[in-house]
Structure formats: structure tokens, C-alpha cells
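Chain by chain, the residues:
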Amino acid sequence: ALSPGTPEGPASVGHNTGGRSYVYSLVQLPPEESGHTDREHRGGFPGWPQTHAAAGGERLAKPERGKMRVHKISNVNKALDFIASKGVKLVSIGAEEIVDGNAKMTLGMIWTIILRFAIQDISVEETSAKEGLLLWCQRKTAPYKNVNIQNFHISWKDGLGFCALIHRHRPELIDYGKLRKDDPMTNLNTAFDVAEKYLDIPKMLDAEDIVGTARPDEKAIMTYVSSFYHAFSGAQKAETAANRICKVLAVNQENEQLMEDYERLASDLLEWIRRTIPWLENRMPENTMQAMQQKLEDFRDYRRLHKPPKVQEKCQLEINFNTLQTKLRLSNRPAFMPSEGKMVSDIINAWGNLEGAEKGYEEWLLNEIRRLERLDHLAEKFRQKATIHEAWTEGQEEVLQKHDYETASLSEIKALLKKHEAFESDLAAHQDRVEQIAAIAQELNELDYYDSPSVNARCQRICDQWDTLGALTQKRGEALQRTGKLLETIDQLYLEFAKRAAPFNNWMESAMEDLQDTFIVHTIEEIQGLSTAHEQFKATLPEADKERQAILGIHNEIAKIVQTYHVNMAGTNPYTTITPQEVNTKWDKVKQLVPQRDQALIEEHARQQNNERLRRQFANQANVIGPWIQTKMEEIGRISIEMHGTLEDQLQHLRQYEKSIVNYKPKIDQLEGDHQLIQEALIFDNKHTKYTMEHIRVGWEQLLTTIARTINEIENQILTRDAKGISQEQLNEFRASFNHFDRKRSGIMDAEDFKTCLISMGYNLGESEFSRIMSVVDPNRMGLVTFQAFIDFMSRETADTDTADQVIASFKVLAGDKNYILADELRRELPPDQAEYCIARMAPYTGPDGVPGALDYMSFSTALYGESDL
């Protein structure tokens, strides 16, 4: 209700139209008397009480024109009493001043009432009403260009501030992009008209007064702006609700991304293990030394290049899993259960299978290389002996099949007979070589030599030929014997020469064969054995030389007899093809091969000495590194259960400790280099140390994994402490209790120790309650409780996290108190990505009050805190 003011000038509160000043009346008339609706009756001041009369419902006196002044004063006093009952302090003003038309006193009281009912209840971040209203305006207009709200006077002169407030909450009402800062009249009138028509905010201000005044009235603008605040208070609640929902969804989206990353990393690691195990389990040998050495080189590349990154991935995967579970617990979400077959325990089992497959692979490779080396040696030995034997037997069959004895003279028959006897002696001497050839072929078969078919065929040819020679020899011998009976003389000296020269010649051939024989040894003792045998052989040379001289003496005797008795021997020994020149030549060859054998043995002895040096060099380092790794493992174990300083101090200590461990890596690399030298030298054992490179590698990988896991546990404890407000003293108490019942000092309590710990702390535990608690602290059902799980359990009651009911209440605000929400409402209130996230996951609403396109935000909110795919 409006009543005319004085024509003295613009009122402090109100607006000026046509030279007349209007102010809001102190008294609100009942609707039936004023003729206004409830909305109109508010007069732009939300929060004013809607009463029948200022005095709580009494009828006001209706003085007729000209009646007594006292009636007016009585009416005004009723209004003043009601205002005072609402906590408004009226100082130095009474009904008389109002009845008498004291404009200054009346307008001052109106401002007091406005502060009480329109502005006083405004509060943003616990500021005063005025500061809170100003802060609200600044935040709402911050995105708009050319708007800079710093006060309640000149900041509003261009009208853009009013238009920005409307556009921020109702963008469809104003085309803000078409407004210009240099046209304040249009801006102000646009804002006032839209506010009155669409927002039920009456025009309290006049555009001409604001533009034409250097400093517009602060109280009038504050009053008008407060109407906007109250008009949009519902939107403020919606914004608060939307912020809560965005926070909850952001936590879920982050957790989902961590889950997806875990699933992807776990899948990749398991797939790599699945591909690698068959390769390590493949024990199909190659046929050549080169191919097997390539396999060994591939395995070294696997250990040096391919496996270490996977060790890091496995460690990082466990750390990410623990961090994710901690975040889920801190945000009141259920524990993350990976897909079937991708649990941390599954990865640990798969890794164990990998190392199991890996365990015998290197040893198998080295054994195969040793086997192939042995095979190559035997095959070469077989070829040498077979070639020598084949050279000796070449043409013998033709000789044995000759019938020259049929036309030979007596002397020739005798010669043929003796020659045949010498051949039989020579044949018997070669029996040992044939047996050696057969034995080597048999060993090659037993060792699965790849070219065994050709070896067997050659060996069979030699044996068949040997049988044939035996049969032919027997047949020719019988023929010569029959003919020899007819012969009378024989030259015994030639026969003696032949008999002694043949074995000696065979001995020289065997000696040359042995001196040229290849050898393979792996220790100094073995090469010393070969050297001793060689020295023993050299000791027999003087006796052999005497035999040579004796054989040559027989030949000289023959020459003397021939010369003395003029025997016609045709210049050759009829009993053997061995000549004195051949004996001398082979003897010279034997003497030439002896120093060559000496040199070969010396060189091999030097190589074995170098191998022994490599063994000692590796052992000296391994005997230091192995105990060092074990000591560090034990120290980390003690650090993880002892209490020294704050968690940050422990974390800093561990990181410095980790740095010192990483700095030790060059010693491991140096040991790897020495190990490779040992393998390249084909050294297969080392009596100077109990540590193998495999032991060192496994220990080093476990050390790196343990320090990384321990650091992660401290980081998770810090995360838990900060999220749940746990003091350092409480953490120390938790650690002391945990350590007391961690009887094995392993950093993990078993179920019985954990139960005893809870009972000691005052818990009254039944079987069902303890089973429930174990399902929380041990979701993987391993029967073990880590310190992190123990902290989470001890502090879970103090967690200040959002709940499903809070999220449901926030969605209800956005939905306008409906039991469902529409996609357009979500897109209007939430950022685009989170709105679409909700729309894609919300189920259709099936309640009786639903409409087409209605979405069920209640089941969606509940699912955020339960077992769900959301």
C-alpha cells in the first residue's frame, strides 16, 4: 500500500515519479481491504509478515474525515508495537511524528524495517548482511564483462549489474550480448521492466534518478538488490545442491578411472606373463651351438631389458591398488574388487609361475650348450678316426682279392705269404680303432646328435667293410698257406722287419692321432691331468726311439745280406709297404707334434687360470652384495614397525634410504658384467661362493619392491591421518598397539592376534561381529591384517564423508522436490560432463507420479555407495 509523501524531494527509500515522492507505508493492509493479492502485498520485501493488522489481527480504527487526531495516533501505535515485537529497535520516533508527517523520521524508520525484514537475514560465508549481499553480487556477476561490483552506489549506474544478475539466473529473459555500457538508460529500464514482469520485483528505483545522480542512494539500491537475492534464493539452494553432487560424482569418476587403470595395467601384465611363460617352458633344443648361444643371449636380454620394467609395473600395480582402496575407504565407498582373475593375489600367483618357469631355463640352456660342445668334439673325433681308418682300408679289398699267387714263383709265394701274415698283424692292430669309432658313434646316438643318421651310416660302412676285410683276409691266408706249403724259403729278415715295423708304425700313427686330438676341460685340475699324461708320453719317447733304431737295423741287415749274397729282391720288402723312409718321416712328425701339444696345453692352462680369476672376482663381489641385500631387507622390516618421529620424518627417512639403495645399483650392474664374462667363458660352477647371479637378482628385486611398498604404506597412513583428523599421538598409540600384538614382527597381524588386540582395547566380540570386522579389514580373506587396515578400522567412526542420503537430498533440491529428475534439469544445473555422466547411468523412474523421460536419482545415489558398476 502506498501513501503520498512530502513534495520536498526524492525519498530516501522508494522512487520519484512525476515530481511526487512515494514511500512504503509502515502498515500493511489485509488483502480483503487493500484489494491486492498476497504476491502484490509483499511490496518487494520478502520476509515481511502477512498480517491482518499491525497489532496482531485487531481492526484498525477508521476515523472519518476530520475526526480526532487521537484515533490516528492509536492506529499507528498498534503498528509500532507489532514492529517492536519483531526485534526492530525504534529510537526517538513515536506515532505523533508519523501522524504529523515528519518525513525524515518516517523514512529512517522505514530503512530500519527494511534492514530487519529484507536484508538482515542475508549471510554469505558468515559475513555481515551488507558484506554478504555484496559478496553474493560479486560472485554472480564475476563472469560478465564490463561489470565490476564494488559498492551499492556507482557500481550500478550503467545498469549492467542488474542485467547480469537476471541473466545469470534466468538467461532466457535478457539478451545480455546486445547490451552496451554506454547506454545506461536502456540497461536500467530493461532490468526494471523484466524484474517487475517476470520476477514480481516492483520498480523501487527510477532510471533517470540513477543516471542523473553522481552517487545514487546506497540504501535504495541495497533494498532493491536484496529483492533479487530473495527472488533467487531457490536457485542458490540448487547451486549448493549441484556443488555437492558434482563433488560426489568427481570422486566416483576419479575412482572409476583408477579402477580402469588398474584393470588395464593388470591385464597387460598378466598378458605379458601369459606370453612369456611358454617361451621359458620351451625346452626344445637346437641342433647347433650357434643357435643355442642365441637362445642364451635372448634370455640375457630378457633378464636385463624386458623383465626389470615388468618388475616395476608389478610393484606400481600393488601400490596403485593400495592407494585406490585407501581413497575408497576415505570417501565411504565400498572396497574395489577387480575383475575375476585380476586380483593382486592372482598377479602374485602368475608372477610366481613366471619365476618358476624361469628358474630352470638358464641351467637348461647351459647344459644344452655343454652337451652340444661335447657332441661337436665327439663328432670331430669320429671324423678324424674314420678318415684315418678309411685311408688305411682304401684298396685293401682289391689286394686281398688278387690271385697273383697262382703264377708266382716260390720266392714270390713265400713273400706273399709273409706279407699276408704282416697284413693280418696290421689288421689286428686296427681292430682297436674300429672299436673306438663304433663307441664314439654309440655315444653320439645316446647324446641325441642331430646328424646321427650320417654318423651311423658311415660307422656301418666301416664295420661292414671291416667284416669283409676279415673274411677276405681269412680266405687269402688259407690260399697262401696252401700255396706256401709248396714254398721252401722265406726271407726271415724281411718278415721280422715287417712284423716289428707294422706295430711301431701303428704306434706312431696312434701317437700322432693323440697329439692332434682336440680336448675340452673346465678346471685347472683337468688340464693338469692332460699335462701329466702328456709328460708321461714324452717319457716313453727314448724307448720308442730305440725300437726305431732296431727296426732300421733290421733293414740295414737285409741290405747287407742282399749285397753280400746278391739276392734278387727287386729293391723292395715283399712283406710290407712300410719303408725305412716312412718310419723316419712319421717319427719326425711325432717329434714335431710334441712341442705343438706342449703349447696347446700351456695356452689351455692359462685360460683355466683366467677362468679361476673370473670365479674369484665374481665370488668376492657376490659375497659382499648378498649379505648387504639381506641386511637391508632386515633394516627395512625394522623401520616399518618402529616408531621414530612423525610420519613425515619416517617418509623422509625411507626416501633417503631408498636413494642409498638405488645408488647401490652400479655394484649390481658390475656383478652382472662379471657374470656375463663367466658365462661367455663357459664356466659352469664356482666353489668360492654360495651366491649365484639368480640369487642376487631375486634379492635385489625384492629389496626394491619392499622399500617402494613400505614408502607407499607410510604415504597411505599420511593420507588416512589427514583425511580423518588423526593426531600424531593417536597414530603412535595405534602403532604401539599394533606392534605389541604383531608377535612375529612381520608388520602383519594374523586373525588371532588381531582379535586379542581388539579385546585388549575393550571390544566385546562375538563370532559374527568379529567376522564382520575381518571382512572390512581383510576384504581379500587372506587371514591377515596390515597396519594400514588397522588404522582405517580404528579411525573409521570419525570419518566426515558424504552419504547417500545427502546426495539424494541434493538431487531433490535440483528436481524441485520431485521424486524424479529430468535430463534438462541435470544439464541446466550441472557441468556438461557430469550431467551426461548422470543421464547415462540413471535408471528410468517408475513411480506413479513419473512423466516421460523421468530419471530415478534415488537408486542412482544409493548405488554410488554400494556394490555397483557405476
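For every chain, the first residue of its written sequence is number 1, and the numbers climb from 1 along that sequence. Given that this is a predicted model, residues contribute local features only at a pLDDT of at least 70 and side-chain atom pairs are listed and counted only at 80 or more, while totals for whole chains, interfaces and linings are drawn from all residues. Based on all heavy atoms of the structure, the side-chain values leave hydrogens and waters out of the count.

A. Examining the pattern of salt bridges more closely. Criterion for a salt bridge: a side-chain nitrogen of Lys or Arg within 4 Å of a carboxyl oxygen of Asp or Glu. Under the defined criterion, the tally for this structure stands at 53 salt bridges. Across the pair Arg-180 and Asp-182 runs a salt bridge whose closest N-O atoms are separated by 3.1 Å. When accessible area is computed with a 1.4 Å probe and restricted to protein chains, residues below 20% of their type maximum are described as buried, those above 50% as exposed, and intermediate ones as partly exposed. What makes Asp-182 exposed here is its relative accessible area of 59%. Here Glu-297 ties to Arg-304 by a salt bridge, and the two come within 3.6 Å at their closest N and O atoms.

B. Highlighting the nonpolar core. To qualify as a nonpolar core, a set must consist of buried Ala, Val, Leu, Ile, Met, Phe, Trp, Tyr and Cys residues joined through side-chain atoms within 4.5 Å. In terms of nonpolar packing, the biggest core is built from 49 residues, with Ile-629, Ile-661, Ile-696, Trp-700, Phe-754 and Phe-790 touching the most fellow members. Going along the chain from the N terminus, every DSSP run of H or I of four or more residues is numbered as a helix, and every run of E of two or more is numbered as a strand. Elements supplying a minimum of two residues to this core: helix H21 (580-641), helix H22 (647-662), helix H23 (665-680), helix H24 (693-724), helix H25 (728-741), helix H26 (751-760), helix H27 (767-777) and helix H28 (787-795). In what follows, a contact means two residues having at least one pair of non-hydrogen atoms within 4.5 Å. Other than its neighbours up to four places away in sequence, Phe-754 contacts Met-749, Phe-770, Ile-773, Met-774, Val-777, Val-785, Phe-790 and Phe-793. The next biggest cluster of nonpolar side chains, apart from the first, holds 44 residues, and it includes Ile-273, Leu-354, Leu-375 and Ala-379.

C. Examining the packing of aromatic side chains more closely. What counts as a ring pair is set by centres within 6.5 Å for rings of Phe, Tyr and Trp (its six-membered ring), and what kind of pair is set by the plane angle: stacked under 30 degrees, edge-to-face over 60, tilted for all other angles. Evaluated as defined, the whole model comprises 27 aromatic pairs. Geometrically, the ring pair formed by Trp-136 and Tyr-229 is edge-to-face, given 5.1 Å between the ring centres and 80° between the ring planes. Within this pair, whereas Trp-136 is found in helix H6 (residues 129-141), its partner Tyr-229 is found in helix H10 (residues 218-231), the two being separated by 93 residues in sequence. For the pair Trp-279 and Tyr-302, a centre-to-centre distance of 5.5 Å together with 65° between the ring planes defines the contact as edge-to-face. Of this pair, Trp-279 sits in helix H11 (residues 233-281) while Tyr-302 sits in helix H12 (residues 289-330), placing them 23 residues apart in sequence. Since its relative accessible area comes to 30%, Trp-279 is described here as partly exposed. Members of the aromatic cluster, connected to one another through ring pairs, are Phe-152, Trp-156, Phe-162, Phe-192, Tyr-224, Phe-228 and Phe-232. The residue whose ring lies beneath Lys-755 is Phe-770, and the NZ or CZ to ring-centre distance is 5.4 Å. Geometrically, a charge over a ring is one whose NZ (Lys) or CZ (Arg) sits within 6 Å of the ring centre while staying within 35 degrees of the ring normal.

D. Quick peek at the side chain of His-169. Mapped onto the secondary structure, His-169 falls in helix H7 (residues 160-169). For His-169, a relative accessible area of 16% corresponds to the buried category.

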